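The lines below spell out each chain.
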2 protein chains.
Amino acid sequence: MFNEQSATVSEPNSGTEKRLLEAAGEIFAEYGYRAATVRQICEKAGANIAAVNYHFGDKEGLYMAVLRSVPDAHAEKYPADYGPGTAPEQKLSAYIQSLLHRVFDEGRPGWHTKIMAREMIEPTRALDTLVEEIARPFHQELASITRELLDSAATEEAVRLCTLSILSQCVYYHHARSVLSRLYPKRKYGPNDIPRLAEHITAFSLAALKEFAQQNGGISE
Amino acid sequence: MFNEQSATVSEPNSGTEKRLLEAAGEIFAEYGYRAATVRQICEKAGANIAAVNYHFGDKEGLYMAVLRSVPDAHAEKYPADYGPGTAPEQKLSAYIQSLLHRVFDEGRPGWHTKIMAREMIEPTRALDTLVEEIARPFHQELASITRELLDSAATEEAVRLCTLSILSQCVYYHHARSVLSRLYPKRKYGPNDIPRLAEHITAFSLAALKEFAQQNGGISE
DNA sequence: ACTCGATTCAAACATATGTTTAATGAACAA
DNA sequence: TTGTTCATTAAACATATGTTTGAATCGAGT
């Protein structure tokens, strides 16, 4: 068995573990679990090839550790800081802006988004954890905002569909960025466009929700 | 060099090529270019391992041939059949339904959607071809509908953003299906839900577009 | 029946990659 | 000092996978 202690309990090691996690985060996010190689990761971390197996058992152990190691670096970096008395319209705007920042972030919090995007297409055993710890609270937060904006008589299913409609618009610019950059080479759809995109998505979604609210919860079946 | 003739010109071969293309389409769509193995493909096609290299040069040649071999099997299977006099609202509805069918299709036309989804996350050299031959006409078709629904004074950029907003909702249920099935295990979001999803997306998008049209083209900057 | 090109086949080859192993070093306690 | 434990290292190992090779097989034309 490998050194399981140091993976969970922080110890005064020589930092190899930390460097390994850091390097693995970048590599996994950029190349995906399968395409990323332990040699690549170890080289970037300045560690020996056997370091991964020694510290994390195997490649999958390292992957899981990476996901566990970032208990959500995003929330503190791009907080959707609305108070309890804020109007739901402003909450939505803040939420969308925050999510777009997260989506376009290239640094550490960006890992989660990129890795999640890959897990969607090519799920690994880590997906269950990711869904429960990250996706579900994220969905629920937006769902509560949507519920406020819809009529109180709105079905849970209507709330859910609208939530997904809003969410999909935000993540699309990340998912489809390789296609968009080829379709519209002049428009970059990069981090600089966040304000413009956020404004559009917010207006688009608010308009739809307002209309639905007037219709008493929209397509309640 | 390999037998390049038979890859382009149809000849009375013993069908190995055709079976190879068929098998490769499924495997590539399911596992992605990288994870798919030529042994897997050859086994499914009932061909020898060397068949791929003989008929297509290498694995990438087979991949390209697969993409080239389906000049769009979808259009004939799920036509968005609206005439020239149709109201734009109905065009949008038909377009969304058609796209959802395409997205959820498991058979041959479904290849394109699945492969495109993978190319978005992990682009190969085939992406440029895919974008020009498939994504661009598809985007433009929806853009023309959006343009009709928006005010005539709408910016091209506004049209583009709204088009992407609509498109994103449709593809999201495919992209995120692994996450959605875990988030809401009771709701399947499978082929059976196409009518419901289409109705929601159409209503959501139409409501937003109507509002934008009243505002004279929405967020024209 | 024979020939020749195209096709198929089993086997080998080369490489990439995750993993293991045995040796070495470093820090520290007895 | 000596011995023990943890960490690191280079090398080897096992496997998977794309590709190549040379022989065998098939089919059409003469």
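Residues numbered from 1 in each chain as written. Chains lettered and ligands numbered in written order. Predicted model: local features only at pLDDT ≥ 70, side-chain atom pairs only at ≥ 80, totals over all residues. Heavy atoms only, no water.

A. Here's a closer look at the interface of chain A and chain B. Between chain A and chain B, the residue contacts involve 55 residues of the former and 55 residues of the latter. In total, about 5,200 Å² of surface goes out of reach between chain A and chain B, with carbon and sulfur atoms giving 66% of it. When the buried surface of chain A facing chain B is broken down by residue, A:I121, A:Y172 and A:F204 rank first, second and third, together holding 14% of it. In this structure, A:R196 engages B:E157 in a salt bridge whose closest nitrogen and oxygen atoms are separated by 2.3 Å. The tally of links from chain A across to chain B stands at 19 residue pairs in polar contact (both at pLDDT 80 or more). For the side of chain A that touches chain B, the leading source of residues is helix 10 (residues 156-175) of chain A, giving 14 residues. For the side of chain A that touches chain B, a count of residues per class yields 32 nonpolar, eight polar and 15 charged. (Contact = heavy atoms within 4.5 Å. Buried area = accessible area lost by both parts, 1.4 Å probe. Salt bridge = Lys/Arg side-chain N within 4 Å of Asp/Glu carboxyl O. Polar contact = N/O pair within 3.5 Å; in protein donor to acceptor, adjacent residues only side chain to side chain. Helix = DSSP H or I, 4+ residues; strand = E, 2+ residues; numbered from the N terminus. Nonpolar A, V, L, I, M, F, W, Y, C, P; charged D, E, K, R; others polar.)

B. Representation of the packing of helix 10 of chain A against helix 12 (residues 194-214) of chain B. Two elements in contact, helix 10 of chain A and helix 12 of chain B, have axes separated by 11 Å at closest approach and are oriented at 65 degrees. Two packed elements cross with a definite hand, and for helix 10 of chain A against helix 12 of chain B that hand is right-handed. On the side of helix 10 of chain A, the interface is formed by A:E157, A:L161, A:C162, A:S165, A:I166 and A:Q169, while helix 12 of chain B contributes B:R196, B:L197, B:H200 and B:F204. When its residues are assigned to classes, the contact of helix 10 of chain A with helix 12 of chain B shows five nonpolar, three polar and two charged. (Axes fitted to C-alpha atoms, helices over the stretch in contact; angles between N-to-C directions. Left-handed = near helix turned anticlockwise from the far one by under 90°.)

C. The arrangement of the pattern of salt bridges in detail. Under the criterion given, the structure shown has 25 salt bridges over all chains. One salt bridge connects B:R187 with A:E157, and the closest N-O pair in it is separated by 3.1 Å. Of this pair, B:R187 sits in the loop between helix 11 (177-183) and helix 12 while A:E157 sits in helix 10, which puts the two residues in different chains. By relative accessible area, which is 28% here, B:R187 ends up partly exposed. Ionic pairing is found between B:E148 and B:K91, a salt bridge with its closest N-O pair at 3.0 Å. A residue pair is termed long-range when its members are at least 10 positions apart, and B:E148 in helix 9 (residues 127-149) and B:K91 in helix 7 (residues 88-104) qualify at 57 residues. Note on B:E148: relative accessible area 43%, which makes it partly exposed. (Buried < 20%, exposed > 50% of the residue type's maximum accessible area, 1.4 Å probe, protein only.)

D. Representation of the relation of the copies chain A and chain B within the structure. Taken as rigid bodies, chain A and chain B are interconverted by a rotation of 180 degrees and an axial shift of 0.0 Å, the fit giving an RMSD of 0.1 Å. When the rotation and shift are considered jointly, the pair of chain copies conforms to a two-fold rotation axis. Considering only C-alpha atoms, the residue of chain A closest to the rotation axis is A:A208, which sits at 2.3 Å. Comparing contact sets, 100% of the residues at the interface of chain A also lie at the interface in chain B, consistent with an isologous, same-surface contact. (Least-squares fit on C-alpha atoms with pLDDT ≥ 70 in both.)

E. Region of interest: the environment of B:S93. Residue and element names in this part refer to chain B. Looking at the secondary structure, you find S93 in helix 7. Taking relative accessible area as the criterion, S93 reaches 24% and is therefore assigned partly exposed. Each C-alpha atom of the pair S93 and A203 lies 8.7 Å from the other, and the pair is 110 residues apart in sequence.

F. Broad picture of the packing of aromatic side chains. On inspection of all chains with the given rule, the structure shows 15 aromatic pairs over all chains. An angle of 40 degrees between the planes, with centres 5.7 Å apart, marks the rings of A:Y173 and A:Y189 as tilted. Of the two residues, A:Y173 is situated in helix 10 and A:Y189 in the loop between helix 11 (177-183) and helix 12 (194-214); the sequence distance between them amounts to 16 residues. Exposure remark for A:Y173: the relative accessible area of 2% places this residue in the buried category. Seen in terms of ring centroids, B:Y95 and B:F138 are 5.2 Å apart; in terms of plane orientation they differ by 45 degrees. Their pairing is tilted. (Phe/Tyr/Trp six-rings, centres within 6.5 Å; stacked < 30°, edge-to-face > 60°.)

G. Layout of the domain arrangement of chain A. Residue and element names in this part refer to chain A. By the assigned domains, chain A splits into domain 1 (6-68) and domain 2 (78-214). Taken together, the 15 residues of domain 1 in the interface contact 12 residues of domain 2. Between domain 1 and domain 2 lies a buried interface of about 1,100 Å² when both sides are counted; carbon and sulfur atoms form 62% of it. Contact with domain 2 buries surface across domain 1, with A29, Y63 and L67 losing the most and accounting together for 42% of the total. Here domain 1 is connected to domain 2 by one salt bridge. Between E60 and R125 there is a salt bridge whose closest N-O contact spans 2.6 Å. For the pair domain 1 and domain 2, the interface holds three residue pairs in polar contact (both at pLDDT 80 or more). (Domains from an automatic or database assignment.)

H. The environment of A:F56, seen in detail. All names here are of chain A. Relative to the helices and strands, F56 resides in helix 4 (residues 51-56). Of the residues examined, F56 reaches a relative accessible area of 4% and is grouped as buried. Counting along the chain gives 137 residues from F56 to D193, while the straight-line C-alpha distance between them is 40 Å.

I. Inspection of unusual backbone geometry at higher detail. The phi dihedral of A:Y189 is positive, around 50 degrees, even though this residue is not glycine. Residue A:Y189 is classed as buried on the basis of its relative accessible area of 4%.

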